[in-house]
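Coordinate analysis (summary)
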Amino acid sequence: QVQLVESGGGLVQAGDSLRLSCADSGRTGSYHMGWFRQAPGKERKFVALISWPSAIIYYADSVKGRFTISRDNAKNTVYLQMNSLKTEDTAVYYCAARSDCCTGYGSSGGYDYWGQGTQVTVSS
């Protein structure tokens, strides 16, 4: 069974960097992994996706050039490197796993498993 646990969130200043991790105690290695984020009072939005084994990567336009998604299949871990953070990046960040790739990758409904989320706060 897939069990996702995010870590690495925190409070940073605008322009800083953070790296989020999503570890799975199960068999993430065969799943396609995504990151979503949800700001207070707003809907959950797609951030990035990486297929298995890593041939396909998608980003939301709002993070292209600043965020990088990667995965270490040997460690069953997916990462989200976030650089040049902006105040509008403040949100709870969730990792998610899906068994198929990649129709509707931007919709949260296409994902089978979710982590509990990690808070990222970017101050000005």
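Every value quoted in this text rests on a predicted model; they were computed, and no experiment measured them.

1. A word on the overall build of the protein chain
Counting its secondary structure elements, the protein chain contains 0 helices and 11 strands. Start at the N end of the protein chain and walk to the C end: the helices and strands fall as β-β-β-β-β-β-β-β-β-β-β. Taken over C-alpha atoms, the radius of gyration comes to 13 Å for the protein chain, in line with the 14 Å a tight globule of 124 residues would show. Along the first, second and third principal axes, the C-alpha atoms of the protein chain reach 40 × 25 × 25 Å. For the protein chain, buried positions account for 42% of its 124 residues. If you take every contact in the protein chain between residues at least 6 apart in sequence, the share linking residues at least 24 apart comes to 58%. On the protein chain, roughly 6100 Å² of surface is accessible, and the fraction owed to carbon and sulfur atoms is 47%. Distance between charge centroids for the protein chain: 2 Å, based on 12 positive and 10 negative side chains.

2. Some details on the pairing of strand β8 (residues 77-82)
Note on strand geometry: in a regular strand, side chains alternate between the two faces of the sheet. The buried fraction of β8 is high, at 5 of 6 residues. Relative to β8, strand β3 (residues 18-24) is paired through 6 bridges, and the arrangement is antiparallel. Bridging from a neighbouring strand, Ser-21 pairs with Tyr-79 of β8. Across 6 bridges, the pairing between strand β7 (residues 67-72) and β8 is antiparallel.

3. Re the sheet that holds β7
Within the open sheet, the 4 strands sit side by side as β1-β3-β8-β7. Their pairing is antiparallel. Each end of this open sheet is capped by a strand with a single partner; those strands are β1 (4-7) and β7. Recorded for the sheet is a direction-independent mean angle of 15° between the axes of neighbouring strands.

4. Some words on the pattern of salt bridges
Scanning all chains against the criterion turns up 4 salt bridges. Among the salt bridges present, the one from Arg-37 reaches Asp-89, with a minimum N-O distance of 2.8 Å. In this pair, Arg-37 is assigned in strand β4 (residues 32-38) and Asp-89 in the loop between β8 and β9 (91-98), connecting sequence segments 52 residues apart. Residue classification places Arg-37 among the buried residues on the basis of a relative accessible area of 13%. Salt-bridge contacts for Lys-64 lead to Asp-61; the nearest nitrogen and oxygen are separated by 3.2 Å. Residue Asp-61 is classed as exposed on the basis of its relative accessible area, which comes to 65%.

5. Some points on the pairing of β4
Taking burial as the measure, the 7 residues of β4 include 6 buried ones, the bulk of the element. Bridging between β4 and β9 involves 7 bridges; their strand directions are antiparallel. Residue Gln-38 lies in a different strand from β9, and its bridge partner there is Val-92. As paired elements, β4 and strand β5 (residues 45-50) share 5 bridges and run antiparallel to each other. Across the sheet, Phe-36 pairs through a bridge with Phe-46, a residue of β5. Linking two consecutive strands that pair antiparallel, namely β4 and β5, is a turn of 6 residues; a positive phi of about 75° is found at Gly-41 within it.

Calculation criteria
Residues numbered from 1 in each chain as written. Predicted model: local features only at pLDDT ≥ 70, side-chain atom pairs only at ≥ 80, totals over all residues. Heavy atoms only, no water. Helix = DSSP H or I, 4+ residues; strand = E, 2+ residues; numbered from the N terminus. Rg over C-alpha atoms; globule rule 2.2 N^0.38 Å. Buried < 20%, exposed > 50% of the residue type's maximum accessible area, 1.4 Å probe, protein only. Contact = heavy atoms within 4.5 Å. Areas by Shrake-Rupley, 256 points an atom, 1.4 Å probe, with all protein chains shown as cover. Lys, Arg positive; Asp, Glu negative; His and termini not counted. Charge placed at Lys NZ, Arg CZ, Asp CG, Glu CD. Pairing = 2+ DSSP bridges. Axes fitted to C-alpha atoms, helices over the stretch in contact; angles between N-to-C directions. Salt bridge = Lys/Arg side-chain N within 4 Å of Asp/Glu carboxyl O.

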